[in-house]
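Reading the structure
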Amino acid sequence: MRDQVTWSEILAAVVVMLVALALAVVLRVLTGRLFRRAGDTRWAWDDLAARLIRDLAVPVAIIGGAWITANVLPMKSGTRHATAQALTAATILIVSLALARLIAGIVTSVALARQGMASSVTIFANITRVVVLGVGILVMLQSLGVSITPLLGALGVGGLAVALALQDTLANLFAGVHVLASKTIEPGDYIRLSSGQEGYVVDINWRNTSIRTLSDNIEVIPNQRFSDTILTNYHRPAQDMSLLLQASVSYEADLAVVERIAIEVGEEVMADVKGGVKEAEILVRFHTFGESAINFTTILRTGEFGDQFRIKHEFVKRLHRRFREEGLEVPYPRRKVVLDGGQTLVAATGGPPPAG
């Protein structure tokens, strides 16, 4: 191989690189338009394909130009081999990054499609991205002539040491994977822990789970907490749930009339108030002879956990109005006191004092 480089070869190399750069700019513009066009559709797979093309187009064009330039210029065999290795390693790294992003996007799309909701589940995507990048780096090192067998052995020993040092972190990681794989909870579910935290699950990542409380605050809970606590999921096995409302009437009331009124009010609330299950059967159950009233429970049905507050509000308000219209009394607790002289006093233990 001759050592002298002619001006024609230099000019050819410059032209090749300029063409490669111009092609990279054109591809950048075209792939940008393609990506925006794909974003206007509801189909997620065209977004992933457009992103892959955009991630690969410009780097591949530049690396291809550099490879052609290296073949145009006269080089020693050692220099040419080193250049080929460097360009191959760069290509492997770029392809690994693009594939990691693509496969993570596919995993996220599949997970969201199975859950049927718009929240993000980052833990599977992050694990997939790390695995793909790790394999890509190992292949890149192998292409550079680095033996990865001792490296794998060192990683095994180092991984054991890291695992011992990061027990809590790894426990949270595997707890999060177990929670998602078993579908104990999913983003969008309303949960309550025995420790008192409750809210809508927003996201489950490699270390913790974020929940949004009813006051619109975010609480962050380590994933390991879910493996050693009692958890109530109000969206499993279904989102709709029963709502038990307590009330009472006086002993003088006709219980058949009370039951009819409670059912009518419940049906009105189910039909008029957002979150009510219209086709649900309204049940009334009398259950206790109280000190001054007969207690009963009205069973309604709500679409999901957050709807119960609106349903309670409307039911109590409308039932109170109907009781007043029908002349039904919700009695206050009373105490009868007999004095030594035979005089009897009646005192109310709650609410306003009785008249007279």
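Within each chain, residue numbers correspond to sequence positions counted from 1 in written order. In keeping with the predicted nature of the model, local features appear solely for residues at pLDDT of at least 70, side-chain atom pairs appear and are counted solely at 80 or more, and the whole-chain, interface and lining totals rest on all residues. The basis for the side-chain values is all heavy atoms of the structure; hydrogens and waters are excluded.

Pairing geometry for strand E1 (residues 190-193) and strand E2 (residues 198-204), over 3 bridges, is antiparallel. Bridge assignment links Arg-192 to a residue of E2, and that residue is Glu-198. At least two DSSP bridges between two strands are required for those strands to pair. Note on conventions: DSSP H or I runs of at least 4 residues are helices, E runs of at least 2 residues are strands, and numbering of each starts at the N terminus. Where E1 hands over to E2, the hairpin turn is made up of 4 residues, of which Gly-196 adopts a positive phi near 115°. In terms of strand pairing, E1 meets strand E5 (residues 231-233) through 3 bridges, oriented antiparallel. In the sheet register, Arg-192 faces E5, and the bridge partner there is Thr-232.

Multiplying 1.5 Å by the residue count of a helix minus one yields the expected span of that helix. For helix H8 (residues 308-326), spanning 19 residues, the distance from its first C-alpha to its last is 26 Å, which sits close to the expected 27 Å at 1.5 Å a residue. Turning to H8, its buried residues number three or more, namely Gln-308, Ile-311, Glu-314, Phe-315, Arg-318, Leu-319, Arg-322 and Phe-323. Each buried residue of H8 sits inside an arc of 160° when the element is viewed along its axis, so together they form one side. Turned more than 90 degrees from where H8 packs its buried face, Val-316 and Arg-324 sit exposed. As for H8, its buried residues are in contact with strand E6 (241-249), helix H7 (255-272) and strand E8 (294-302). Gly-327 occupies a position one or two residues after H8 and carries a positive phi of about 75°. Under the scheme applied here, a residue whose accessible area is under 20% of the maximum for its type counts as buried, over 50% as exposed, and between as partly exposed, the area being computed with a 1.4 Å probe on protein chains only. Along the arc lie the directions from the helix axis toward the C-beta atoms. Pairs of residues are marked as contacts when any of their non-hydrogen atoms sit within 4.5 Å.

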